[in-house]
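The chain contents come next:
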Amino acid sequence: MATTIGLRGLSLSSHSLPLLRSWKTKPPTHSYPTTRSLKALFLPYNRIILRVCPSFCVSPNVNAEATASPERETDNNDSTDNIKDAANLLDIRVGRIIKAWRHEEADSLYVEEVDVGEPQPRIICSGLVNYIPINLLHDAKVVVLANLKPRNMRGVKSCGMLMAASDASHQKVELLVPPDASVPGERIWFGTEHDKDNQPDPATPNQVQKKKIWELVQPHLKTDASCTAMIGEHLMQTSAGVVVCKSLKNANIS
């Protein structure tokens, strides 16, 4: 007659004891689930599960990251090209400040009369009072963003923007400086002579505003370790050479 033994809540009959002894001396072999065995479990339901769930036995695909990297690199290159294409729609020119004075109604603003190669100089307001002494503005060569919509700045209509570099804390600001031999009115470009020859016509002020071209381009404008202005890897150029700032390295440009 079979007897029953209680073992930590398990009920074992005397017929089971030889099997238990056999197990102690020769443990049974079992295989862990493999991809093949899992297929039988999952395939009736959804083949996609096997593709997205890692196998318990198969090593992860260490090449997956490397395989995806070229695609991401291509996307980044496309993005950089798109930014450069947008930058080419900006009308960035060499300018020369004819005279400058303090704004009568705004303590932080200068008003400048700037030659940008047009029949009449432009009036431009800039918030540089706290950063640049006014005597350094007179007759200075500058870089002007010329296709922004005019803005009324405390009673003065400002028709453009002087471009400048600034440190991360915006405690130090320096105007971008074209070469001495550059000519007021010359349109500035990014890249090589080939890029200059293929530069499109600038967008209209309305297009710049509507398509937010400046907002798209501005975060990508920087100076490099030699204080040269650039977008991505493309230098800001004039026919006489590159555009720089005095001393700010790896700075933002606005």
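The rules behind the values
- Residue numbering note: each chain is counted from 1, following its sequence as written.
- The predicted nature of this model means local features are confined to residues of pLDDT at least 70 and side-chain atom pairs, given and counted, to a pLDDT of 80 or more, with totals for whole chains, interfaces and linings taken over all residues.
- As a convention, hydrogens and water are excluded, and side-chain values are obtained from all of the structure's heavy atoms.
- The helix and strand labels rest on DSSP assignments: H or I over at least four residues marks a helix, E over at least two residues marks a strand, and numbering proceeds from the N terminus.
- For this analysis, residues touch if any pair of their heavy atoms sits within 4.5 Å.
- Polar contacts here mean pairs of N or O atoms no more than 3.5 Å apart (in protein, one a potential hydrogen donor and the other a potential acceptor; neighbouring residues in sequence count only if both atoms are side-chain atoms).
- Pairing between two strands requires that DSSP report at least two bridges joining them.
- Partly exposed residues are those whose accessible area sits between 20% and 50% of the maximum for their type, while under 20% is buried and over 50% is exposed, using a 1.4 Å probe and protein chains only.

### Section: the overall build of the protein
Stage number 1. Looking only at helices and strands, one finds 7 helices and 17 strands in the protein.
Stage number 2. Restricting the contact set of the protein to residue pairs at least 6 apart, pairs at least 24 apart contribute 61%.

### Focus on the environment of Lys 141
Stage number 1. Secondary-structure assignment places Lys 141 in strand E6 (residues 141-145).
Stage number 2. Placed 38 residues apart in sequence, Lys 141 and Pro 179 show a C-alpha to C-alpha distance of 8.0 Å.
Stage number 3. Filtering out sequence-adjacent residues up to four positions away, Lys 141 remains in contact with Val 94, Gly 95, Arg 96, Leu 176, Val 177, Pro 178, Pro 179, Asp 180, Ser 182 and Pro 184.
Stage number 4. Of the polar contacts made by the side chain of Lys 141, one reaches the backbone oxygen of Asp 180; its length is 2.7 Å.
Stage number 5. Of the polar contacts made by the side chain of Lys 141, one reaches the backbone oxygen of Ser 182; its length is 2.8 Å.

### Side note on the pairing of strand E15 (residues 234-238)
Stage number 1. The pairing of strand E12 (residues 189-190) with E15 spans 2 bridges and is antiparallel. Following the sheet pairing, Trp 189 is matched in E15 by Gln 237.
Stage number 2. Across 2 bridges, the pairing between strand E14 (residues 229-231) and E15 is antiparallel. Across the sheet, Met 230 pairs through a bridge with Leu 235, a residue of E15.
Stage number 3. Here E14 folds back onto E15, and the loop between the two strands holds 2 residues, one of which, Gly 232, carries a positive phi near 65°.
Stage number 4. Where E15 meets strand E16 (residues 241-242), 2 bridges bridge the pair, whose relative direction is antiparallel. In the sheet register, Thr 238 faces E16, and the bridge partner there is Gly 241.

### A look at the side chain of Arg 93
Stage number 1. Note on placement: Arg 93 falls in strand E3 (residues 92-102).
Stage number 2. Overall, the relative accessible area of 13% leaves Arg 93 in the buried class.
Stage number 3. Separated by 3.1 Å, the side chains of Arg 93 and Glu 118 make a polar contact.
Stage number 4. Beyond its immediate chain neighbours, meaning those up to four positions away, Arg 93 contacts Val 116, Glu 118, Arg 122, Val 142, Val 143, Val 144, Ala 146, Gly 185, Glu 186, Arg 187 and Ile 188.

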